[in-house]
Every structure is written in C-alpha cells, then in structure tokens.
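Residue-level listing of the chains:
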Amino acid sequence: LTEVEHAEDDSGNLKELMQLPGMTDQETAALLGGGEENWTEDKRFYIGRIYHTELYGEICSVFTACGEDSSRTVESVSVWVADGEREVTEEEVQLWLDRLSDTMDSQPFSEYQSVESGARSWKWVKGEMTASMYRMKDILTISFQPAAGGLV
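Treat the numbers as computed from the prediction; the structure is a model and nothing was measured. (Residues numbered from 1 in each chain as written. Predicted model: local features only at pLDDT ≥ 70, side-chain atom pairs only at ≥ 80, totals over all residues. Heavy atoms only, no water.)

Undergrad: What is the right way to read the pairing of strand 5 (residues 110-113) from this model?
TA: Strand residues, when the strand is regular, have side chains that alternate between the two faces of the sheet. Alignment of strand 5 against strand 6 (residues 120-126), held across four bridges, turns out to be antiparallel. From the neighbouring strand, tyrosine 112 faces strand 6, where its bridge partner is serine 121. The antiparallel pairing of strand 5 with strand 6 creates a hairpin that spans six residues between the two strands, and glycine 118 there sits at a positive phi of about 80°. (Pairing = 2+ DSSP bridges. Helix = DSSP H or I, 4+ residues; strand = E, 2+ residues; numbered from the N terminus.)

Below is the structure:
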C-alpha cells in the first residue's frame, strides 16, 4: 500500500472504535478479540474490558466502560496512545489531531490548555457522538462517548 492508501485504510480504525458505544460488552468482545475483563479491585463493579490493538501501526490500549444494565452496554471508549512511559511529541499530537478530525469530519470545536500543568484537550461532535483528545507530557488519550443532551 502507498502511504495515502494505507492512511485511508487505517482511518477506519478510529471510525470502528467510535461505533462501540451503544454496543453490548459481548458484541465488542467478539469484535475486538475477547479482551480482558476489567473489574474494580473488590470485584463488586464491572468496569468494562481492556484490549490491546494496533492503530496506524502502533499498539494502543483500548478501554471500554460499561453501564450497569444486564447487557453491559458500552458507554464510552478510551484509547491510550501513550500511557506515561514515553514523551509525547508535538508531531505526534498533530498527527492524532488530523486523524481524529478526519474521523469526526470536522476540526475540534474547543481547545483548552492548562497553564499550570501544560495539559491540553480538544473536543469534537459528530451527530450523536463526541470525541475528545487529552495530552500531557507523557500521556495521549482519545475518547468516544454519546453526546448527552448538550453536556459536551
């Protein structure tokens, strides 16, 4: 594949993850190869699943958060591109901003930067779905969840 074809081929990865909220836990497990159940330490509360998957040639951790309904409906999905083990570069941030903007068919509608910590965040809305990206020095995450009545 050429780089352009490869980039277009991979753009489906984020679009697929964006479809997970609303699916049942079992549906996402079947789609993403099982994953690992994620419970609170006391095993009283089921959080969701943890998956390790490849996005754009990088291994990322994907976390689902499920509701307490009997089907364990997925309420949100978080992708950890960088989890504190390495520094996140500006080039990498721009690359993921572009990928997320392509996935959401728009530029972020808000951008926030904390003066104290240097943390930055971006938000998008597409139909009934919101996306956000959060960046600190050594953390980069992307999240998808349904837009809840104006609480974006």
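What follows picks up the thread again.
Undergrad: Before we go on, may I ask you to explain the pattern of salt bridges in this structure?
TA: When charged atoms on two side chains of opposite charge get close, those side chains can pair. In total, this model carries seven salt bridges according to the counting rule given. The shortest N-O distance in the salt bridge between arginine 86 and glutamate 92 comes to 2.7 Å. According to the relative accessible area criterion, glutamate 92 is buried, its value standing at 11%. One salt bridge in this structure joins glutamate 111 and arginine 120, with 4.0 Å as the shortest N-O distance. By relative accessible area, which is 53% here, glutamate 111 ends up exposed. Several salt bridges share partner residues, and in doing so they unite Glu90, Glu111, Arg120 and Arg135 into one network. (Salt bridge = Lys/Arg side-chain N within 4 Å of Asp/Glu carboxyl O. Buried < 20%, exposed > 50% of the residue type's maximum accessible area, 1.4 Å probe, protein only.)

Undergrad: Would you mind going over unusual backbone geometry with me for this structure?
TA: Leave glycine aside and you will find that most residues have negative phi; peptide bonds, for their part, are mostly trans. In this structure, tyrosine 56 takes a positive phi of about 50° despite not being glycine. Judged by relative accessible area, which is 13%, tyrosine 56 ranks as buried. You will see that aspartate 105, though not glycine, has its phi angle at about 55°, which is positive. Mapping aspartate 105 onto the fold places it in the loop between helix 3 (90-104) and strand 5.

Undergrad: What should I look at first to understand the nonpolar core in this one?
TA: Counting 31 residues, the largest nonpolar core has Trp96, Met133 and Phe144 as the members making the most contacts within it. Of all the elements in the fold, those that place two or more residues in this core are helix 1 (3-18), strand 2 (46-55), strand 3 (58-66), strand 4 (74-83), helix 3, strand 6, strand 7 (129-136) and strand 8 (139-146). (Core = buried A, V, L, I, M, F, W, Y, C linked by side-chain atoms within 4.5 Å.)

Undergrad: How do you make sense of the packing of aromatic side chains when you look at a structure like this?
TA: Summed over the entire model, instances satisfying the criterion amount to three aromatic pairs. Considering the side-chain rings of tyrosine 56 and tryptophan 96, the 5.3 Å spacing of their centres and the 90° angle between planes classify their relative orientation as edge-to-face. With tyrosine 56 in the loop between strand 2 and strand 3 and tryptophan 96 in helix 3, this pair connects stretches of sequence that are 40 residues apart. Of the two residues examined, tyrosine 56 and tryptophan 96, each falls in the buried class. Note on phenylalanine 63 and tryptophan 80: the rings are 6.5 Å apart at their centroids and 75° apart in plane angle, and the pair reads as edge-to-face. Taken together, the residues phenylalanine 63 in strand 3 and tryptophan 80 in strand 4 connect sequence positions 17 residues apart. (Phe/Tyr/Trp six-rings, centres within 6.5 Å; stacked < 30°, edge-to-face > 60°.)

Undergrad: Looking at this structure, how should I read the pairing of strand 2?
TA: Sheet analysis places strand 1 (residues 36-39) next to strand 2, joined by four bridges and oriented antiparallel. Within strand 2, the position partnered with tryptophan 39 by the bridge is tyrosine 46. The turn linking strand 1 back onto strand 2 is made up of six residues, and lysine 43 within it adopts a positive phi angle of 65°. Pairing of strand 2 with strand 3, which is carried by six bridges, proceeds in the antiparallel orientation. Residue pairing for strand 3: tyrosine 51 is matched across the bridge by valine 62.

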